[in-house]
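Structure assessment
Spelled out, the chains give:
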Amino acid sequence: MLLKDIFSKNPMTFSFEFFPPATEKGWESLFHTISDLMPLEPAYVSVTYGAGGSTRDRTHRLLARIHRETPLTAVAHLTCVGASSAEIHEILSGYDALGVHNILALRGDPPAGQAFTPHPDGFLYAADLVAYIKKHFPGMCIGVAGFPEGHPGTPNRLLEIEYLKAKVDAGADYIVTQLFFDNRDFYDFRDRCLLAGIHVPILAGIMPVTTRKGMERMAELAAGARIPAALLKAVYRAESDSLVENVGVHWATEQVRDLIEHGVRGIHFYTLNRSPATLRIYEALGVKNSRNLGR
């Protein structure tokens, strides 16, 4: 099912993100996670695409397995990094044949230590990728990324929203944000989008802190992510990683509760291929599935 149709029928949605495992043990663990999370009835799940397209084959394999073995609607991440338009067309044709018609179009990150260099016959910006998909695969639904705390590569916040507007004008159907820990950043971002004439659904990206090292890694991967002092104090006060997870789940639960009360169009949980934190958030909110979470 196309996400834009899901959004039109549901004023609020809840979804999960996974990444393709690198080992067979990881595959087994991930499908235990998917089995654990399926009763929560997400509107969709998404599958990431590694830096420089490094997980291309594994991404396709995971999407195929989700599509074949579960009733879940799947979204494929797709980036421009290092890919020609012909390669992008081949990937999209493969997804189309598989029955995956929802794409999250990203410029993407180059491999570690390398600068972003577009393919000579590729795309410089995510907006270019969106326009290409819309032209050659008009039946697909396209999402793009948003950055409540600002894009790390675009310090000018006015210009940042212009770039986002360009992606929407090129044909993007919805926006999903990078993780954030202060809902005020999301509400400000949402208001600035409205001022710029952006009216597509904006989904809030939530990732609960589960370990101290994980928090540090999170700050590195989500460049520019701001971790509030109150959250840092609580994490550093915790005496073990199990207690850190308690702190992170509580913080994320309060974020989700507040977002729901403020009419968010959707919440996208970055699961890191694990189910406990997400399950505990739902439990803390007193619901067993996403349909009840949105009430």
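What counts as what
Residues numbered from 1 in each chain as written. Predicted model: local features only at pLDDT ≥ 70, side-chain atom pairs only at ≥ 80, totals over all residues. Heavy atoms only, no water. pLDDT = per-residue confidence, 0-100. Helix = DSSP H or I, 4+ residues; strand = E, 2+ residues; numbered from the N terminus. Axes fitted to C-alpha atoms, helices over the stretch in contact; angles between N-to-C directions. Parallel < 35°, antiparallel > 145°, perpendicular 65-115°, else oblique. Left-handed = near helix turned anticlockwise from the far one by under 90°. Contact = heavy atoms within 4.5 Å. Pairing = 2+ DSSP bridges. Salt bridge = Lys/Arg side-chain N within 4 Å of Asp/Glu carboxyl O. Buried < 20%, exposed > 50% of the residue type's maximum accessible area, 1.4 Å probe, protein only. Expected span 1.5 Å × (residues − 1).

On to the confidence of the model for the protein, then. Per-residue pLDDT for the protein averages 92, and the proportion of residues at 70 or more is 96%. Here helix 8 (residues 212-221) is the element of the protein with the lowest mean pLDDT, 84, and strand 7 (residues 202-206) is the one with the highest, 98.

Each pair of packed helices gets described by two things: the angle between the helix axes and the distance between those axes. Interaxial distance between helix 9 (residues 229-237) and helix 10 (residues 241-261) falls to 8 Å at its minimum, and their mutual angle equals 155 degrees. Classified by the interaxial angle, the pair formed by helix 9 and helix 10 is roughly antiparallel. Helix 10 is crossed by helix 9, and the crossing has right-handed handedness. The residues of helix 10 that touch helix 9, namely those facing Ala230, Leu231, Ala234 and Val235, are Val244, Val247 and Trp251.

This part is about the sheet that holds strand 5 (residues 141-146). The strand order 1-2-3-4-5-6-7-8 describes a closed barrel built from eight strands, whose pairing is parallel. Averaged over neighbouring strand pairs, the angle between their axes works out to 30 degrees when direction is ignored. Bridge analysis of strand 1 (residues 13-18) against strand 2 (residues 44-47) gives four bridges, and the strand direction is parallel. In the strand pairing of strand 2, Ser15 is matched with Tyr44. With respect to the sheet, helix 3 (residues 56-69) is in contact with strand 2 and strand 3 (74-79), its orientation differing from that of strand 2 by roughly 160 degrees. Along the sheet, helix 4 (residues 85-98) contacts strand 3 and strand 4 (102-106); its crossing angle with strand 3, the most-contacted strand, is approximately 175 degrees.

Counted under the stated rule, the structure contains 13 salt bridges. Taking the shortest distance from any N to any O, the salt bridge between Arg61 and Glu24 comes out at 3.4 Å. You can see Arg61 sitting in helix 3 and its partner Glu24 sitting in helix 2 (residues 24-37), a full 37 residues away along the chain. Its relative accessible area of 53% is what places Glu24 among the exposed residues.

Take helix 6 (residues 157-169) next. Over its 13 residues, helix 6 runs 18 Å from end to end, which matches the ideal 18 Å to within 8%, given 1.5 Å per residue. Where helix 6 is buried, its residues contact helix 5 (126-136), strand 5, strand 6 (174-179) and helix 7 (183-195). Gly171 sits one or two residues past helix 6 and shows a positive phi near 130 degrees.

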